[in-house]
Amino acid sequence: MVLVTGGAGYIGSHTCIALHEAGFDFVVFDNLSNASQESLFRVQKIIDRPISFVQGDIRDKEALRSVFTQYDIDAVIHFAGLKAVGESVQQPLEYYDNNINGTIVLCQVMQEFGCKNMVFSSSATVYGDPHTTPIKEDFPLSATNPYGRTKLFIEEILRDIFVSDTSWNIVLLRYFNPVGAHKSGLIGEDPNGIPNNLMPFIAQTAVKKRDYLSVFGDDYDTVDGTGVRDYIHVVDLAFGHVKALEKISNIKEVLTVNLGTGKGYSVLEMVRAFEKASGKDVPYQIAPRRSGDVAKCFADPSYAFETLGWSAQKGIQEMCEDSWRWQSQNPNGYAKD
Ligand code: NAD
Ligand code: UD1
């Protein structure tokens, strides 16, 4: 049985489907601080079976103990965490407590119950401002905000746990920019308030919830001056977790892997691809650079293929079509209209 912390969220809900398709049984543990249980009802509809869900906080040791007592958990996929960069600058203590303390409590309970297989959601943010692209796993690490630091610290903590007890098997998955949605249009990304990330902002502009997209800077050293990122379809990303689980008992190390496509697209290329996929206009205006942004960030994904036999399959058009299907069928996300 796999414990999926944060499994009601964007990437977690898609991973539940990938786990089901690969024949893994799982239980979701989520405090619903940034998700709605509706996502899990929709997952149940897609996989056509009930799923086990426990509402709880990873900082609550007793709640975790009772999950480990009730279910025979042999591996954990650990998505639970707060992820908004700007908010992390305003509320650093909340981020350090939720993400770092939460992970410590989770690992303590795993250790107590002899469960030593962990797949952790890290981020390309740990590369800071990369000196060159494509980015390889052995590039120098840094962080420019509390959110990024939580990912860096958690990576270090997990490495220390492994040094102290090499019977742990740990996979650190460094995601690039997850976008897209399940083909059914039933689940997708449902940000609270005004989206920070590009794809949900574009999708909400296309559906006319927003008047126009602000393009943050057009004077970077890139193909058209706008920022370049490695957008990866969330269904490909979800499958990466299945591959990690399939290998985990033989890993015997802290395996650190980029999950990206290896291709970078600029903001304006994304706008055009989305307009093509949706048949809608995405009006935009050039705005000043956003502080903390880098010009280019895309992965060298070859190590993921070498170690996990995983590579991204879905291209930019499919990412945009699937984001659009989710957005147009659910203009208000999971909220009941
Ligand atoms: P999300 O917010 O949709 O999902 C996170 C889930 O964790 C939510 O359902 C939330 O309710 C839950 N959660 C938060 N704190 C919790 C706690 N203390 N106890 C129990 N549940 C808790 O985010 P996502 O996009 O699905 O991201 C999943 C993970 O991947 C996060 O750790 C995030 O930092 C990481 N990540 C995301 C991205 C991205 O762009 N989406 C990129 C890199 C890494
Ligand atoms: C952001 C986070 C990063 C996190 C990642 C994935 C910041 C500084 N960084 O990175 O820590 O890991 O999301 O969740 O927030 N853009 C616009 N207009 C918008 C939104 C974005 O032009 O309204 C541009 C950005 O300048 C960037 C690109 O679109 O060039 C992608 O932005 P975004 O989706 O926020 O991802 P990242 O910048 O990679």
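You'll find the structure just up there.
Values in this document were obtained by computation on a predicted structure and should not be read as measured data. (Residues numbered from 1 in each chain as written. Chains lettered and ligands numbered in written order. Predicted model: local features only at pLDDT ≥ 70, side-chain atom pairs only at ≥ 80, totals over all residues. Heavy atoms only, no water.)

### Here we look at the site of ligand 1
Then comes step 1: Around ligand 1 there are 26 residues in total, and Ile 11, Asp 30, Asn 34, Lys 83 and Tyr 147 lie nearest to it.
Then comes step 2: Taking Asn 31, its main chain carries an N or O atom lying 3.1 Å from a nitrogen atom of ligand 1.
Then comes step 3: Contacts to ligand 1 include Tyr 147, whose side-chain N or O atom sits 2.8 Å from an oxygen atom.
Then comes step 4: For ligand 1, whose unbound accessible area comes to 820 Å², protein coverage reaches 96%.
Then comes step 5: Contributions of two or more residues to the shell around ligand 1 are made by helix 1 (10-21), strand 5 (117-123) and helix 6 (146-164).
Then comes step 6: The biggest single contributor to the shell around ligand 1 is strand 5, with 3 residues.
Then comes step 7: For the shell around ligand 1, the class distribution of residues is 11 nonpolar, 11 polar and 4 charged. (Near = heavy atom within 4 Å. Polar contact = N/O pair within 3.5 Å; in protein donor to acceptor, adjacent residues only side chain to side chain. Areas by Shrake-Rupley, 256 points an atom, 1.4 Å probe, with all protein chains shown as cover. Helix = DSSP H or I, 4+ residues; strand = E, 2+ residues; numbered from the N terminus. Nonpolar A, V, L, I, M, F, W, Y, C, P; charged D, E, K, R; others polar.)

### Focus on the side chain of Thr 103
Then comes step 1: Tracing the chain through its elements places Thr 103 in helix 5 (residues 92-112).
Then comes step 2: Within the structure, Thr 103 has its side chain in polar contact with the backbone oxygen of Asn 99 (distance 2.6 Å).
Then comes step 3: Aside from chain neighbours lying at most four places away, what touches Thr 103 is Ile 58, His 78, Asn 98 and Ile 154. (Contact = heavy atoms within 4.5 Å.)

### Comments concerning the pairing of strand 11 (residues 254-259)
Within a regular strand, the side chains alternate between the two sheet faces.
Then comes step 1: Strand 11 sits mainly inside the fold: 6 of its 6 residues count as buried.
Then comes step 2: Burial along strand 11 is two-sided: the face carrying Val 254, Thr 256 and Asn 258 and the face carrying Leu 255, Val 257 and Leu 259 are both buried.
Then comes step 3: Two elements, strand 6 (residues 169-175) and strand 11, share 6 bridges in a ladder whose sense is parallel. Within the sheet, the bridge partner assigned to Ile 170 lies in strand 11 and is Val 254. (Buried < 20%, exposed > 50% of the residue type's maximum accessible area, 1.4 Å probe, protein only. Pairing = 2+ DSSP bridges.)

### What to know about the site of ligand 2
Then comes step 1: Taken together, 17 residues lie near ligand 2, and Leu 198, Ser 214, Arg 229, Arg 290 and Asp 293 sit nearest.
Then comes step 2: Here an oxygen atom of ligand 2 and a side-chain polar atom of Arg 229 are 2.7 Å apart.
Then comes step 3: Sort the elements by how many residues they give to the shell around ligand 2 and strand 8 (residues 213-216) lands first, with 4 residues.
Then comes step 4: Partitioning the shell around ligand 2 into residue classes produces 7 nonpolar, 7 polar and 3 charged.

### Examining the side chain of Thr 256
Then comes step 1: In this fold, Thr 256 is placed in strand 11.
Then comes step 2: Judged by relative accessible area, Thr 256 falls into the buried class, the value being 13%.
Then comes step 3: The residues contacting Thr 256, other than those within four sequence positions of it, are Glu 137, Leu 172, Arg 174 and Tyr 303.

### Some thoughts on the nonpolar core
Proteins that are soluble and globular tend to have nonpolar side chains buried together.
Then comes step 1: Ranked by size, the top nonpolar core spans 42 residues in total, and within it Phe 26, Val 119, Val 171, Leu 173 and Leu 259 carry the most contacts.
Then comes step 2: Sequence-distant contacts of Phe 26, that is, excluding residues within four places in its chain, are made with Met 1, Val 2, Val 4, Cys 16, Leu 19, His 20, Ile 47, Arg 49, Ile 51 and Ser 52.
Then comes step 3: Counting residues in hydrophobic clusters, the runner-up holds 30 residues, among them Leu 3, Tyr 71, Ile 161 and Val 254. (Core = buried A, V, L, I, M, F, W, Y, C linked by side-chain atoms within 4.5 Å.)

### Focus on the packing of helix 5 against helix 6
Then comes step 1: Packing of helix 5 against helix 6 brings their axes to within 9 Å, and their N-to-C directions diverge by 20 degrees. Here helix 5 is positioned roughly parallel relative to helix 6, judged by the angle of their axes. Handedness of the helix 5/helix 6 crossing: right-handed. On helix 6, the residues that touch Pro 92, Tyr 95, Tyr 96, Asn 99, Ile 100, Thr 103, Ile 104 and Cys 107 of helix 5 are Pro 146, Tyr 147, Arg 149, Thr 150, Phe 153, Ile 154, Ile 157, Leu 158 and Ile 161.
Then comes step 2: Looking at the contact of helix 5 with helix 6, its residues break down into 13 nonpolar, 3 polar and 1 charged. (Axes fitted to C-alpha atoms, helices over the stretch in contact; angles between N-to-C directions. Parallel < 35°, antiparallel > 145°, perpendicular 65-115°, else oblique. Left-handed = near helix turned anticlockwise from the far one by under 90°.)

### Comments concerning the packing of helix 1 against helix 8 (residues 234-247)
Then comes step 1: Packing of helix 1 against helix 8 leaves a shortest axis separation of 8 Å and a crossing angle of 60 degrees. Here helix 1 lies oblique to helix 8, going by the angle between them. Relative to helix 8, helix 1 is oriented so that their crossing is right-handed. Seen from helix 1, the contacting residues are Tyr 10, Ile 11, His 14, Thr 15, Ala 18 and Leu 19; seen from helix 8, they are Val 234, Val 235, Leu 237, Ala 238, Phe 239, His 241, Val 242 and Leu 245.

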